[in-house]
Amino acid sequence: MSTAIINISSLVTNDPSLGHGPLGLIRDAAVVVDGDRIAWIGENSKAPATDNAVDAEGRAGIPGFVDSHSHLVFAGDRTAEFNARMSGQSYSAGGIRTTVAATRAATDEELEANLLRYLREALRQGTTTFETKSGYGLTTHDEARALRIAAAHTDEVTYLGAHVVAPEFADDPEGYVALVTGEMLDACAPHARWVDVFCEKGAFDGDQARAVLTAGMRHGLVPRVHANQLGHGPGVQLAVEVGAASADHCTHLTDADVDALANSDTVATLLPGAEFSTRAQWPNARRLLDAGATVALSTDCNPGSSFTSSMPFCVALAVRDMGMTPDEAVWSATAGGAAALRRADIGRLTPGARADLALLDAPSHVHLAYRPGVPLVSAVWRRGLREL
Ligand code: NIG
Ligand code: FE
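(A) Here's a closer look at the overall build of the protein chain. Assigned secondary structure in the protein chain consists of 14 helices and 18 strands. What you see for the protein chain is a C-alpha radius of gyration of 20 Å, in line with the 21 Å of a compact globule of 388 residues. Counting the 388 residues in the protein chain, one finds 56% classified as buried. Within the protein chain, contacts between residues separated by at least 24 positions form 70% of all contacts whose residues are at least 6 apart in sequence.

Shown next, in the form of structure tokens:
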């Protein structure tokens with residue numbers, strides 16, 4: 001059954017062959033959805049006959065957001081830690097262990113209910129695809145169950161046994177790396193597509209991170225890296241060396257790091273919610289874009305460093321504080337996220353692509369940055385189904 005969404009004042013397609021500029025912007029547009037795919041897209045006046053029609057009444061349209069980095073399988077929250085930080089304390093990787101204790105103590109049902117709560121929250125803000133990670137279990141049993149729970153709700157599941165060294169291995173980090181690259185990996189790899197590591201002071205150094213990523217790759221997982229968040233370090237260079245799909249955070253970069261990203265297929269995924277919630281230095285998106293790197297924007301939604309599920313919020317921060325134009329930020333939050341997940345079927349609206357799109361109570365996508373904090377998303381289709 002085909003449905004036409006008509007009278008869209010301005011539509012971001014991210015397909016330059018369909019419209020104006022890099023966003024492939026079409027004025028007065030219509031989209032025809034058939035099953036879970038886009039069947040037709042173009043000017044409203046030329047829309048073909050369909051079984052149904054939905055009148056967008058002059059709202060703007062965008063591809064559904066692709067949130068390529070989140071940590072949603074967890075229990076508890078860290079309000080006290082946030083309060084302390086906003087009173088002047090600094091953020092460190094160690095807080096992760098608080099969430100590990102709460103997550104281990106939770107039932108499968110509690111973890112799944114929590115995950116669903118944040119997925120619904122994200123959907124209401126226009127997110128139609130999300131990646132999510134393990135990393136708050138840190139035992140073979142708890143990491144594998146986190147991935148099983150995540151895999152029931154997304155194809156984009158990431159094994160992050162190497163989030164921090166598990167408390168039981170505080171005196172034996174190499175023993176923990178052996179577990180993460182051995183028995184834990186064997187149990188987790190069947191449930192995941194990606195392998196990730198937090199390569200940072202207080203978490204894993206470059207050699208440990210390389211061991212984690214290469215072991216994951218031998219099990220068929222594709223690497224992505226938490227890199228250069230809290231300070232300079234080897235994460236970005238390692239991501240490029242192993243051909244990672246994405247280097248995430250990229251807050252503290254040398255010129256060599258920027259060059260390496262610009263001359264590789266590794267996407268630089270920026271997570272402004274983390275800098276916002278840790279009062280840290282902003283990543284310099286302008287520098288990466290000017291060098292020619294592909295930039296994605298994502299929430300990093302997690303209870304410690306970035307407890308937001310809102311892609312529109314990240315777009316607004318990236319425009320206000322990271323040197324991006326509104327067009328660049330919207331591209332990075334949609335097509336950029338798809339690139340970071342190596343997906344060609346999402347993040348753009350073109351015939352054959354997945355029918356994942358959102359309407360905004362606004363005349364153009366620019367309002368996502370121009371009207372920060374305002375709930376502009378008024379309708380969402382995911383896989384062709386109206387979800388909001
Ligand atoms: O991406 N960097 C490591 N992991 C998360 C933080 C997780 C936490 O603090 O619980 C992040 O910011
Ligand atoms: Fe993260």
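Right, picking up where we left off after that structure.
(B) Region of interest: the nonpolar core. Counting 126 residues, the largest nonpolar core has Val31, Val212, Val315 and Ala318 as its most contacted members. Sort the elements by how many residues they give to this core and helix 13 (residues 326–340) lands first, with eight residues. There are two domains that each give this core at least three residues, and those are domain 1 (2–64 + 348–386) and domain 2 (65–340). In contact with alanine 318, other than residues within four places in its own chain, are Leu270, Pro272, Ala285, Leu297, Met324 and Ala329.

(C) Geometry of helix 2 (residues 96–105). Those residues of helix 2 lying buried are Ile96, Thr99, Val100 and Thr103. The buried residues of helix 2 occupy an angular sector of 110° when the element is viewed end-on, so they sit on one face. More than 90 degrees from the buried face of helix 2, the exposed residues found are Ala101 and Ala105. The inward-facing, buried residues of helix 2 abut helix 3 (108–124) and helix 4 (140–151).

(D) Region of interest: the pairing of strand 13 (residues 246–249). Both strand 12 (residues 225–227) and strand 13 contribute to a ladder of three bridges, which runs parallel. Counterpart to alanine 227 in the pairing with strand 13 is histidine 249. For the segment spanning strand 12, helix 8 (residues 235–241) and strand 13, crossover handedness is right-handed. Inspection of the sheet shows strand 13 paired to strand 14 (residues 267–270) by three bridges, in the parallel sense. Looking across to strand 14, one finds that alanine 247 is bridged to alanine 268. With helix 9 (residues 255–262) bridging strand 13 and the parallel strand 14, this β-α-β connection has right-handed handedness.

Calculation rules
Residues numbered from 1 in each chain as written. Chains lettered and ligands numbered in written order. Predicted model: local features only at pLDDT ≥ 70, side-chain atom pairs only at ≥ 80, totals over all residues. Helix = DSSP H or I, 4+ residues; strand = E, 2+ residues; numbered from the N terminus. Rg over C-alpha atoms; globule rule 2.2 N^0.38 Å. Buried ≥ 20, exposed ≤ 12 C-beta atoms within 10 Å, placed from the backbone. Contact = placed C-beta atoms within 7 Å. Core = buried A, V, L, I, M, F, W, Y, C linked by C-beta atoms within 7 Å. Domains from an automatic or database assignment. Arc of directions from axis to C-beta. Pairing = 2+ DSSP bridges. Right-handed = clockwise from strand over helix to strand, strands pointing away.

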